[in-house]
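As a plain string of letters, each chain reads:
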Amino acid sequence: MSPQPLGLGTDDAVAATTIAATAPAPEAEAETGIVSTVDPDVVAQPSKRLEIIVAAAALLFNVILLVAAQSIELRRAADPGQIDARFWPTILAVLGIALAVARLVIAIVGKPDERDDLERVQPGQMGKLLIALALTAGFLGVWSWKTATLTLFGLVIGFKLFVIVAPLYLAALLFVFGARGWKSLVIYPVVTTGFIYLLFGQLLRIAL
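This write-up is about the structure you can find in this document. (Residues numbered from 1 in each chain as written. Predicted model: local features only at pLDDT ≥ 70, side-chain atom pairs only at ≥ 80, totals over all residues. Heavy atoms only, no water.)

Considering the overall build of the protein chain
- Across its full length, the protein chain holds 7 helices and 2 strands.
- Its helices and strands in sequence order give the protein chain the pattern α-α-α-α-α-β-β-α-α, from N to C terminus.
- As presented, the protein chain carries roughly 14,600 Å² of accessible surface, and 71% of it is formed by carbon and sulfur atoms. (Helix = DSSP H or I, 4+ residues; strand = E, 2+ residues; numbered from the N terminus. Areas by Shrake-Rupley, 256 points an atom, 1.4 Å probe, with all protein chains shown as cover.)

Written out as C-alpha coordinates, the structure is:
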(Lines give C-alpha, C1' and ligand atoms only; values in the text may rest on other atoms or scores of the structure.)
Protein backbone atom coordinates (compact mmCIF):
# COMPACT_ATOMS: atom_id res chain seq x y z
CA MET A 1 0.00 0.00 0.00
CA SER A 2 1.44 3.37 -1.02
CA PRO A 3 1.99 5.90 1.77
CA GLN A 4 -0.54 8.70 2.14
CA PRO A 5 0.43 12.37 2.37
CA LEU A 6 0.58 13.55 5.98
CA GLY A 7 -2.62 15.13 7.26
CA LEU A 8 -4.80 13.74 4.45
CA GLY A 9 -7.49 11.10 4.64
CA THR A 10 -7.91 8.34 2.10
CA ASP A 11 -10.23 10.35 -0.15
CA ASP A 12 -8.01 13.43 0.02
CA ALA A 13 -4.96 11.38 -0.82
CA VAL A 14 -6.68 9.86 -3.85
CA ALA A 15 -7.78 13.31 -5.05
CA ALA A 16 -4.29 14.75 -4.62
CA THR A 17 -2.74 11.82 -6.47
CA THR A 18 -5.26 12.18 -9.32
CA ILE A 19 -4.56 15.90 -9.71
CA ALA A 20 -0.82 15.32 -9.76
CA ALA A 21 -1.18 12.55 -12.34
CA THR A 22 -3.49 14.45 -14.69
CA ALA A 23 -1.76 17.84 -14.57
CA PRO A 24 0.17 18.51 -17.80
CA ALA A 25 3.92 18.44 -17.59
CA PRO A 26 5.76 21.79 -17.79
CA GLU A 27 7.40 20.64 -21.02
CA ALA A 28 3.99 20.11 -22.63
CA GLU A 29 2.80 23.54 -21.52
CA ALA A 30 5.92 25.15 -22.95
CA GLU A 31 5.36 23.42 -26.28
CA THR A 32 1.64 24.07 -26.68
CA GLY A 33 1.20 27.28 -24.73
CA ILE A 34 -1.81 25.73 -22.95
CA VAL A 35 -1.92 26.52 -19.26
CA SER A 36 -3.16 24.08 -16.68
CA THR A 37 -6.32 25.18 -14.88
CA VAL A 38 -5.61 23.03 -11.82
CA ASP A 39 -3.48 25.68 -10.16
CA PRO A 40 -4.89 29.22 -10.46
CA ASP A 41 -1.41 30.63 -9.91
CA VAL A 42 0.04 28.95 -13.01
CA VAL A 43 1.04 31.52 -15.64
CA ALA A 44 1.08 31.19 -19.41
CA GLN A 45 4.20 29.46 -20.67
CA PRO A 46 6.37 30.65 -23.59
CA SER A 47 5.25 29.19 -26.91
CA LYS A 48 7.36 29.32 -30.06
CA ARG A 49 4.50 27.86 -32.11
CA LEU A 50 2.11 30.60 -31.01
CA GLU A 51 4.60 33.35 -31.85
CA ILE A 52 5.16 31.91 -35.32
CA ILE A 53 1.41 31.74 -35.96
CA VAL A 54 0.89 35.34 -34.81
CA ALA A 55 3.79 36.64 -36.91
CA ALA A 56 2.58 34.74 -39.98
CA ALA A 57 -0.94 36.11 -39.48
CA ALA A 58 0.46 39.65 -39.21
CA LEU A 59 2.40 39.12 -42.43
CA LEU A 60 -0.70 37.87 -44.24
CA PHE A 61 -2.75 40.81 -42.95
CA ASN A 62 -0.25 43.37 -44.18
CA VAL A 63 0.03 41.70 -47.58
CA ILE A 64 -3.76 41.96 -47.90
CA LEU A 65 -3.50 45.59 -46.76
CA LEU A 66 -0.92 46.28 -49.47
CA VAL A 67 -3.16 44.79 -52.14
CA ALA A 68 -6.11 46.80 -50.84
CA ALA A 69 -4.01 49.98 -50.82
CA GLN A 70 -3.21 49.54 -54.49
CA SER A 71 -6.90 49.16 -55.30
CA ILE A 72 -8.00 52.39 -53.58
CA GLU A 73 -10.22 54.37 -55.90
CA LEU A 74 -8.64 57.68 -56.88
CA ARG A 75 -10.95 60.61 -57.36
CA ARG A 76 -8.27 62.30 -59.44
CA ALA A 77 -4.65 61.66 -60.29
CA ALA A 78 -2.03 63.41 -58.20
CA ASP A 79 -0.23 66.34 -59.74
CA PRO A 80 3.55 66.10 -60.27
CA GLY A 81 5.35 66.31 -56.95
CA GLN A 82 2.23 65.39 -54.97
CA ILE A 83 1.13 62.13 -53.39
CA ASP A 84 -2.12 60.38 -54.09
CA ALA A 85 -4.52 58.52 -51.82
CA ARG A 86 -2.60 55.26 -52.18
CA PHE A 87 0.71 56.61 -50.87
CA TRP A 88 0.33 56.43 -47.08
CA PRO A 89 -1.64 53.16 -46.98
CA THR A 90 1.07 51.63 -49.16
CA ILE A 91 3.83 52.95 -46.90
CA LEU A 92 2.08 51.58 -43.82
CA ALA A 93 1.52 48.21 -45.47
CA VAL A 94 5.15 47.91 -46.57
CA LEU A 95 6.33 48.90 -43.10
CA GLY A 96 3.97 46.34 -41.58
CA ILE A 97 5.28 43.63 -43.90
CA ALA A 98 8.87 44.44 -42.94
CA LEU A 99 8.07 44.31 -39.22
CA ALA A 100 6.07 41.11 -39.61
CA VAL A 101 8.89 39.41 -41.51
CA ALA A 102 11.38 40.49 -38.85
CA ARG A 103 9.10 39.19 -36.12
CA LEU A 104 8.62 35.90 -37.97
CA VAL A 105 12.37 35.39 -38.28
CA ILE A 106 12.85 36.15 -34.58
CA ALA A 107 10.05 33.76 -33.68
CA ILE A 108 11.63 30.97 -35.73
CA VAL A 109 15.26 31.30 -34.69
CA GLY A 110 14.98 33.03 -31.32
CA LYS A 111 13.83 32.08 -27.86
CA PRO A 112 10.10 32.58 -27.22
CA ASP A 113 9.16 35.52 -25.04
CA GLU A 114 7.91 35.12 -21.51
CA ARG A 115 4.14 35.35 -21.09
CA ASP A 116 3.88 35.73 -17.33
CA ASP A 117 2.35 39.19 -17.70
CA LEU A 118 -0.80 37.90 -19.42
CA GLU A 119 -4.09 38.06 -17.58
CA ARG A 120 -6.75 35.39 -17.68
CA VAL A 121 -9.83 35.98 -19.83
CA GLN A 122 -12.60 37.40 -17.67
CA PRO A 123 -16.13 35.96 -17.84
CA GLY A 124 -18.23 37.49 -20.61
CA GLN A 125 -15.33 38.93 -22.59
CA MET A 126 -15.53 36.30 -25.33
CA GLY A 127 -19.17 37.20 -25.92
CA LYS A 128 -18.24 40.87 -26.21
CA LEU A 129 -15.56 39.98 -28.73
CA LEU A 130 -18.05 38.09 -30.88
CA ILE A 131 -20.49 41.01 -30.73
CA ALA A 132 -17.69 43.39 -31.74
CA LEU A 133 -16.81 41.18 -34.71
CA ALA A 134 -20.46 41.08 -35.78
CA LEU A 135 -20.73 44.87 -35.52
CA THR A 136 -17.55 45.27 -37.55
CA ALA A 137 -18.82 42.95 -40.27
CA GLY A 138 -22.10 44.87 -40.41
CA PHE A 139 -20.30 48.21 -40.54
CA LEU A 140 -18.07 47.10 -43.41
CA GLY A 141 -21.04 45.66 -45.26
CA VAL A 142 -23.06 48.88 -45.05
CA TRP A 143 -20.02 51.07 -45.73
CA SER A 144 -19.32 49.15 -48.94
CA TRP A 145 -22.38 50.82 -50.47
CA LYS A 146 -20.45 54.13 -50.22
CA THR A 147 -23.36 56.51 -50.83
CA ALA A 148 -27.09 56.66 -50.31
CA THR A 149 -29.89 58.99 -51.30
CA LEU A 150 -32.80 60.34 -49.31
CA THR A 151 -35.89 61.91 -50.83
CA LEU A 152 -37.35 64.59 -48.58
CA PHE A 153 -40.28 66.74 -49.73
CA GLY A 154 -39.42 65.93 -53.32
CA LEU A 155 -35.78 66.89 -52.83
CA VAL A 156 -33.22 64.14 -53.45
CA ILE A 157 -30.34 64.35 -50.99
CA GLY A 158 -27.19 62.30 -51.50
CA PHE A 159 -24.80 61.62 -48.65
CA LYS A 160 -21.86 59.41 -47.81
CA LEU A 161 -22.75 56.44 -45.66
CA PHE A 162 -19.45 56.61 -43.81
CA VAL A 163 -20.36 59.77 -41.91
CA ILE A 164 -23.59 58.11 -40.76
CA VAL A 165 -22.58 54.54 -39.95
CA ALA A 166 -19.11 55.25 -38.52
CA PRO A 167 -20.29 57.15 -35.41
CA LEU A 168 -23.06 54.60 -34.87
CA TYR A 169 -20.51 51.79 -35.13
CA LEU A 170 -18.11 53.46 -32.69
CA ALA A 171 -20.90 54.20 -30.23
CA ALA A 172 -22.09 50.60 -30.38
CA LEU A 173 -18.57 49.29 -29.76
CA LEU A 174 -18.07 51.62 -26.81
CA PHE A 175 -21.41 50.57 -25.35
CA VAL A 176 -20.55 46.87 -25.68
CA PHE A 177 -17.26 47.38 -23.84
CA GLY A 178 -18.79 49.32 -20.98
CA ALA A 179 -19.03 53.00 -21.92
CA ARG A 180 -22.23 54.65 -20.69
CA GLY A 181 -21.66 58.41 -20.55
CA TRP A 182 -23.06 60.66 -23.26
CA LYS A 183 -19.62 62.09 -23.95
CA SER A 184 -18.28 58.63 -24.72
CA LEU A 185 -21.28 57.55 -26.76
CA VAL A 186 -21.92 60.81 -28.63
CA ILE A 187 -19.03 63.29 -28.59
CA TYR A 188 -16.18 60.83 -29.11
CA PRO A 189 -17.75 58.94 -32.09
CA VAL A 190 -18.76 62.19 -33.82
CA VAL A 191 -15.39 63.89 -33.33
CA THR A 192 -13.48 60.77 -34.38
CA THR A 193 -15.59 60.32 -37.50
CA GLY A 194 -15.16 63.99 -38.41
CA PHE A 195 -11.40 63.76 -38.01
CA ILE A 196 -11.17 60.62 -40.15
CA TYR A 197 -13.37 62.16 -42.84
CA LEU A 198 -11.36 65.38 -42.99
CA LEU A 199 -8.01 63.59 -43.00
CA PHE A 200 -8.73 60.78 -45.44
CA GLY A 201 -11.74 62.05 -47.36
CA GLN A 202 -10.62 65.63 -47.89
CA LEU A 203 -6.86 65.96 -47.38
CA LEU A 204 -5.75 62.57 -48.74
CA ARG A 205 -8.60 62.39 -51.26
CA ILE A 206 -9.56 58.82 -50.38
CA ALA A 207 -13.08 57.96 -51.44
CA LEU A 208 -14.80 57.07 -48.19
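Quick notes on a nonpolar patch on the surface
- A surface patch of nonpolar side chains, about 490 Å² in accessible area, is lined by W182, V186, I187, V190 and V191.
- Inspection of the secondary structure puts W182 in helix 7 (residues 182-203). (Patch = residues over 30% accessible without salt bridge, like charges linked within 9 Å, V, L, I, M, F, W, Y side chains within 5 Å. Salt bridge = Lys/Arg side-chain N within 4 Å of Asp/Glu carboxyl O.)

Some details on the pattern of salt bridges
- Within the structure shown, the criterion is met by 2 salt bridges.
- Taking the shortest distance from any N to any O, the salt bridge between E51 and R103 comes out at 3.0 Å. Here R103 lies in helix 4 (residues 87-109) and E51 lies in helix 3 (residues 48-70), a separation of 52 residues in the sequence.
- Accessibility expressed as a relative area gives 14% for E51, which makes it buried.
- Note on R103: relative accessible area 31%, which makes it partly exposed.
- The closest approach of N and O atoms between R103 and D113, which form a salt bridge, is 2.9 Å. Of this pair, R103 sits in helix 4 while D113 sits in the loop between helix 4 and helix 5 (125-143), and the two are 10 residues apart along the sequence.
- Overall, the relative accessible area of 38% leaves D113 in the partly exposed class.
- Three or more residues joined by partner-sharing salt bridges are found here, namely E51, R103 and D113. (Buried < 20%, exposed > 50% of the residue type's maximum accessible area, 1.4 Å probe, protein only.)

Topic: the side chain of S47
- Looking at where S47 falls in the secondary structure, it is placed in the loop between helix 2 (26-32) and helix 3.
- With a relative accessible area of 1%, S47 lands in the buried category.
- Within polar-contact distance, the side chain of S47 engages the backbone nitrogen of L50 at 3.2 Å. (Polar contact = N/O pair within 3.5 Å; in protein donor to acceptor, adjacent residues only side chain to side chain.)

Considering the nonpolar core
- Counting residues in each nonpolar core, the largest one holds 12 residues, listed as I72, A85, A132, F139, F162, V165, A166, Y169, L173, L204, I206 and L208.
- For this core, the element with the highest residue contribution is helix 6 (residues 162-176), accounting for 5 residues. (Core = buried A, V, L, I, M, F, W, Y, C linked by side-chain atoms within 4.5 Å.)

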